[in-house]
Amino acid sequence: MTGKERILVAIRCQETDRTPWVPFVGVHGGKLLDITATDYLNSSQHIVDGIAAAVDRYKPDGVPVAFDLQIEAETFGCDLRWSDDTPPAVTSHPLADHTAFLDDLRVPDKNDGRIPVVLDAARQIRQAHPDLAVYGLITGPFTLALHLMGTDIFMKMFDATDEIEAVLAFAADVAKAMADYYIEAGCDIVAVVDPMTSQIGPDPFRHFVSVPATAVFEHIREAGALSSFFVCGHAEQNLQAMCDCAPDNVSVDENIPLETVKAICLPAGVSFGGNLQLTSVLLLGQPVDAQRNAVECMEIGGEKGFILAPGCDLPYATPPENLDAIAKVVADPYERDAVKAMAVEEMPADLLDMSDYGQSEKVIVDVITLDSEACAPCQYMVESVKAIVPEFEGVVEWREHKIQHRESLLFMTSLMVRNIPTICIDGRITFVSRIPAREELIAAIQERILEKMRMRIRQKHGEVFLLCSADYCDAERREEVSASVNRAVAELGADIRVRSVTDDREIMDFGVLPSQTPAIVTANFRVRSTRQSPEHGVIREWIKDLML
């Protein structure tokens, strides 16, 4: 079988001679060419060359043309924020900003925006790689609607249903046109990529998404091509509804167990694909980790109706050797047997101690993301948090943890977060792969503020003094002690000042001899009185506490 034949057979839920392999090369193609994501996505020749480099290295059965869910949005006037190592992010929403109205918008043609760039790339890729299946990726109706409307879409799903339905119907027309363009350019499969559907449950999915999505898949079928419904995030609750839209294939990421996908899709006559772990394995792991993950997916997926693929587009900096390693186990049964025979060593998890996280005066809102500049659900979750933080000025602090970085992955694991994006409030998992409505998020933060006020009105404040005499404490020991102190502060999320003291006289003021350093001294501060003159007897008792 050629790669194209293998993919087409698998998508039709038939048995293949081996597992088909589709690395979703998006801006990673730019990394292979040593150019930025911005340069890559603005040049058809760069896209063609990046795919060629990936084909040469990774020996795939199929490839996407481009993985960019902002192409359609850009044609409607959505502003984009470009990056060196991620696809662009939508930063303005015409229907929310009232810079446009739905009646003003028209379905883009082949010459609008960057559509000519990707179509030219598609034609060249088709000609250069006749034995590979070529995927044209289009933005799904719900995600495009969110690009146009912003996060207001979630509230309007309750009180402006007619408006939502009208925008989604228009988005479906856009998807049909884009599908036609890709099919005319030679693509075999049109993937409807709709990650934002992971943010809604099955009832709103069926109410708002099912009709436009079904219409798009029927249109692709009538045009003589095959289709895939591609969703990332915690979308397990919508799998049956996705299958009911009658795509030929459903592709998911590691948020959904592959066993569950298989159990729901195959009985519905829908093939399935996924769900190699993007960050912890492909980006941050070693080749052996990638091979183990691939073999595990292949064992679960089986030889009927399954396509091995990452859960989304490959991160820009994915080490090519990890993908090389997967290509080997896909093609060589001996390699697979060798991987299965290897003892899987548990990596020691040096997790942070988060048992007391979130005990500082401020409420800490942590947003765990893949990368808000590259992942649409992550982007809109971060935006929802940023939008309400000013209402709690000085009380709420928010942080994004992009798990493409090892320290953020450690933080995520330490908090026991399993799905992204997720919002944690003071270390408590609060919103899992779901963008909360503005009022809901505000209420959750207010509840935590009141809880802190009740439980910790007399919160102690403190300071840590790291005493290190220059004569008795060398730089290596100072660094070791300092690292331990800073780690402890990080684990507690504490608003604690750490001060280094090196002057011998000041060290002795703490009752410590310079020769006894390094030493750590902690001090607690408690506000006893404000705007009043307490009795001396009361002050006396406070001083006695200090003497204990």
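About the cut-offs
- Residues numbered from 1 in each chain as written.
- Predicted model: local features only at pLDDT ≥ 70, side-chain atom pairs only at ≥ 80, totals over all residues.
- Heavy atoms only, no water.
- Bend = angle between axes of the 7 residues up to and from the residue.
- Helix = DSSP H or I, 4+ residues; strand = E, 2+ residues; numbered from the N terminus.
- Buried < 20%, exposed > 50% of the residue type's maximum accessible area, 1.4 Å probe, protein only.
- Contact = heavy atoms within 4.5 Å.
- pLDDT = per-residue confidence, 0-100.
- Pairing = 2+ DSSP bridges.
- Right-handed = clockwise from strand over helix to strand, strands pointing away.

A. View of helix α11 (residues 202-222). At V209, α11 is deflected by roughly 55°, the largest bend along its length, and proline P212 occurs up to four residues later in sequence. Within two residues after α11, G224 carries a phi angle of roughly 90°, on the positive side.

B. Layout of the environment of R434. Mapped onto the fold, R434 is located in the loop between β13 (428-432) and α20 (438-455). Looking at R434, the relative accessible area reads 32%, which means it is partly exposed. The sequence separation of R434 and Y380 amounts to 54 residues, and the corresponding C-alpha distance is 9.9 Å. Excluding residues that lie within four positions of it along the chain, R434 makes contacts with Q199, M381, P421 and E440.

C. Up close: the environment of L266. If you trace the backbone, L266 turns up in the loop between α13 (258-265) and β8 (271-276). According to the relative accessible area criterion, L266 is partly exposed, its value standing at 25%. Note: C-alpha distance between L266 and K304 (38 residues apart in sequence) is 8.9 Å. With near-sequence residues (within four places) excluded, L266 lies in contact with C13, F272, K304 and G305.

D. Examining the confidence of the model for the protein chain more closely. Of all residues in the protein chain, 95% have pLDDT values of 70 or greater, and the mean over the chain is 90. Per-residue pLDDT stays below 50 along residues 343-348; that stretch engages in 3 contacts with residues further than four places along the chain or on separate chains.

E. Region of the structure containing the pairing of strand β4 (residues 133-139). Among the 7 residues in β4, 7 count as buried, and that is most of the element. Neither face of β4 is open: one carries A133, Y135, L137 and T139, the other V134, G136 and I138, and all of them are buried. Bridge count for strand β1 (residues 62-64) against β4 is 3 bridges, and the pairing is parallel. Bridge pairing in β4 places G62 opposite A133. For β4 and strand β5 (residues 189-193), the ladder comprises 5 bridges, and the chain directions are parallel. Of the residues in β5, the one forming a bridge with Y135 is I189.

F. Layout of the pairing of strand β11 (residues 396-402). In terms of strand pairing, strand β10 (residues 363-369) meets β11 through 7 bridges, oriented parallel. Bridge pairing in β11 places V367 opposite E400. Running through helix α18 (residues 376-388), the crossover from β10 to the neighbouring parallel element β11 is right-handed.

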